[in-house]
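One letter stands for each residue in the lines below.
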Amino acid sequence: MRLKARGREALVIIHQCHEAAFQGLPGITTRHHGDIAGDDDYGHVGAVFQIGGAFPKADDIAMAASAETFRRVPVAKPVRAKCAALMTDGTGVEFERLAYEHPAAQAAHADVYDVSFVQGGLGRGRGINRGPESPLDVYIYGNVPLPVPLTSIARWRRASWLDKMFLAGDVPLNAHDMARFHPDIFRSHAAAAKAVERLAQQTGRPWHEVVCE
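Asker: Would you mind going over the overall build of the protein with me for this structure?
Answerer: Within the protein, the regular secondary structure consists of six helices and six strands. Put simply, the protein runs from its N terminus to its C terminus through helices and strands in the order α-β-β-β-α-β-β-α-β-α-α-α. Its C-alpha radius of gyration of 21 Å places the protein more than 25% over the 17 Å reference for a compact globule of 213 residues. Scored against the burial criterion, the 213 residues of the protein give a buried share of 33%. For the protein, restricting intrachain contacts to residue pairs at least 6 apart in sequence, the fraction spanning at least 24 positions comes to 56%. As presented, the protein carries roughly 13700 Å² of accessible surface, and 53% of it is formed by carbon and sulfur atoms. Positive and negative charge centroids in the protein, built from 24 and 24 side chains respectively, lie 6 Å apart.

Asker: Please clarify how the side chain of Glu 19 should be interpreted in this entry.
Answerer: Within the fold, Glu 19 resides in the loop between β1 (10–14) and β2 (28–32). For the buried residue Glu 19, which engages in no salt bridge, the nearest side chain bearing the opposite charge is Arg 31, 5.8 Å off. Among all residues touching Glu 19, those that are not within four sequence positions of it are Ile 14, Thr 30, Arg 31 and His 32.

Asker: Explain the pairing of β2 to me, please; I cannot follow it from the model alone.
Answerer: The side chains of a regular strand alternate, residue by residue, between the two faces of the sheet. With four of five residues buried, β2 is to be regarded as a mostly interior element. Across five bridges, β1 lies against β2 in parallel orientation. When the bridges of β2 are listed, Leu 11 appears paired with Thr 29.

Asker: What is the right way to read the layout of surface pockets from this model?
Answerer: A probe as big as a water molecule, rolled over the atoms, marks out the empty space that is left. Its volume calculated, the second largest pocket comes out at about 200 Å³. Taken together, Gly 52, Phe 55, Arg 80, Glu 96, Arg 97, Leu 98, Tyr 113, Tyr 141, Gly 142 and Asn 143 make up the lining of the second largest pocket. By residue number, the principal contributor to the lining of the second largest pocket is strand β5 (residues 92–99), which donates three residues. Grouping the constituent residues of the lining of the second largest pocket by class yields four nonpolar, three polar and three charged.

Asker: What is the right way to look at the packing of aromatic side chains in this model?
Answerer: Between two aromatic rings, the relevant description is the distance of the centres plus the angle of the planes. Applying the stated criterion across every chain, the model contains four aromatic pairs. Taking 5.2 Å as the distance between ring centres and 70° as the angle between the ring planes, the aromatic pair formed by Phe 55 and Tyr 113 counts as edge-to-face. Of this pair, Phe 55 sits in the loop between β3 (47–51) and α2 (58–69) while Tyr 113 sits in helix α3 (residues 103–119), and the two are 58 residues apart along the sequence. Aromatic side chains Tyr 113 and Phe 117 sit 5.0 Å apart centroid to centroid with 80° between the ring planes, which places their arrangement in the edge-to-face category. Here the residue Tyr 113 and the residue Phe 117 both occupy positions in helix α3, the gap between them amounting to four residues, near one helical turn. Accessibility assignment for this pair places Tyr 113 and Phe 117 in one class, buried. Among the aromatic residues, those joined into a cluster by ring pairs are Phe 55, Tyr 113 and Phe 117.

Each value, and the rule that gives it
Note on numbering: residues in each chain are counted from 1, in written sequence order. Reporting in this predicted model follows two pLDDT cut-offs: at least 70 for local features of residues, and 80 or more for side-chain atom pairs to be given and counted; totals over whole chains, interfaces and linings ignore these cut-offs and use all residues. Note that the side-chain values use all heavy atoms of the structure and ignore hydrogens as well as water. Put simply, DSSP marks the helices as runs of H or I at least four residues long and the strands as runs of E at least two long, and each gets a number from the N terminus on. Between the two quantities, the radius of gyration covers C-alpha atoms and the globule rule is 2.2 Å times the number of residues to the power 0.38. Three labels apply to residues, based on accessible area from a 1.4 Å probe with only protein chains included: buried if under 20% of the type maximum, exposed if over 50%, partly exposed otherwise in between. Any two residues whose heavy atoms approach within 4.5 Å at even a single point are treated as in contact. Using a 1.4 Å probe, accessible areas were evaluated by the Shrake-Rupley method; residue-level cover was limited to the displayed protein chains. A positive count includes Lys and Arg, and a negative count includes Asp and Glu. His and the chain ends are not counted in either. One atom stands in for each charge, and that atom is NZ of Lys, CZ of Arg, CG of Asp or CD of Glu. For this document, the term salt bridge refers to a Lys or Arg side-chain nitrogen within 4 Å of an Asp or Glu carboxyl oxygen. Strand pairing is defined by DSSP finding a minimum of two bridges between the two strands. The way it works is a 1 Å grid over only the protein atoms, where trapped points that fit a 1.4 Å probe form a cavity and open points with protein on both sides within 12 Å along at least five of seven lines form a pocket, and then any residue with an atom within 4 Å of a point lines it. Grid points are joined across faces, edges and corners, and a volume is the space filled by probe spheres set on the points. Note on residue classes: Ala, Val, Leu, Ile, Met, Phe, Trp, Tyr, Cys and Pro are nonpolar, Asp, Glu, Lys and Arg are charged, and everything else, Gly too, is polar. Classification of ring pairs rests on two measures: the distance between centres of Phe, Tyr or Trp rings, Trp counted by its six-membered ring, which must be within 6.5 Å, and the angle between planes, read as stacked under 30 degrees, edge-to-face over 60 and tilted in between.

See the structure below:
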């Protein structure tokens with residue numbers, strides 16, 4: 001998140017039990033699910049991150065669905081179901097989410113889980129009010145189809161050794177210095193050299209090529 005924020009102010013929306021892990025990071029403010037409704041304090045941030053959403057228990061979903069339909073909806077666990085994301089180029093990308101087989105149960109679930117992303121990650125940065133002079137990046141970490149086109153969609157991955165060097169503020173171009181200046185990332189010169197070799201194979205680009213933004 002520090003890399004994606006690139007020095008800008010950012011908002012992180014996360015479950016309350018994990019909120020403390022993100023506090024104290026420079027320029028990053030945290031809020032937890034259930035504590036952001038109607039909040040209009042983040043119309044200036046450069047990036048919004050939402051990790052997960054409000055996910056009610058199956059018992060609560062069955063109760064809500066039964067109340068809304070005036071008929072008994074049985075308690076059942078959500079199952080993996082296919083859905084699609086619309087991309088900005090007009091294509092669609094299929095992925096899996098957790099959903100309920102009973103339509104009333106799924107409607108009740110979407111009213112909480114799906115809507116939490118719309119009101120949270122998509123809404124808190126007030127992107128609709130932004131212009132070219134105040135851009136906003138929104139990062140959604142959740143298996144949920146969103147009501148807006150997406151620039152990109154991918155599986156979450158851990159920070160790479162290259163990400164960690166960028167965060168440390170020093171990116172050497174040879175394996176010897178990589179191991180010397182980042183012993184917490186590379187256990188030896190050989191480990192650094194192997195990492196560089198794998199990166200070159202994956203990208204097809206030489207390690208000594210430097211791109212600055």
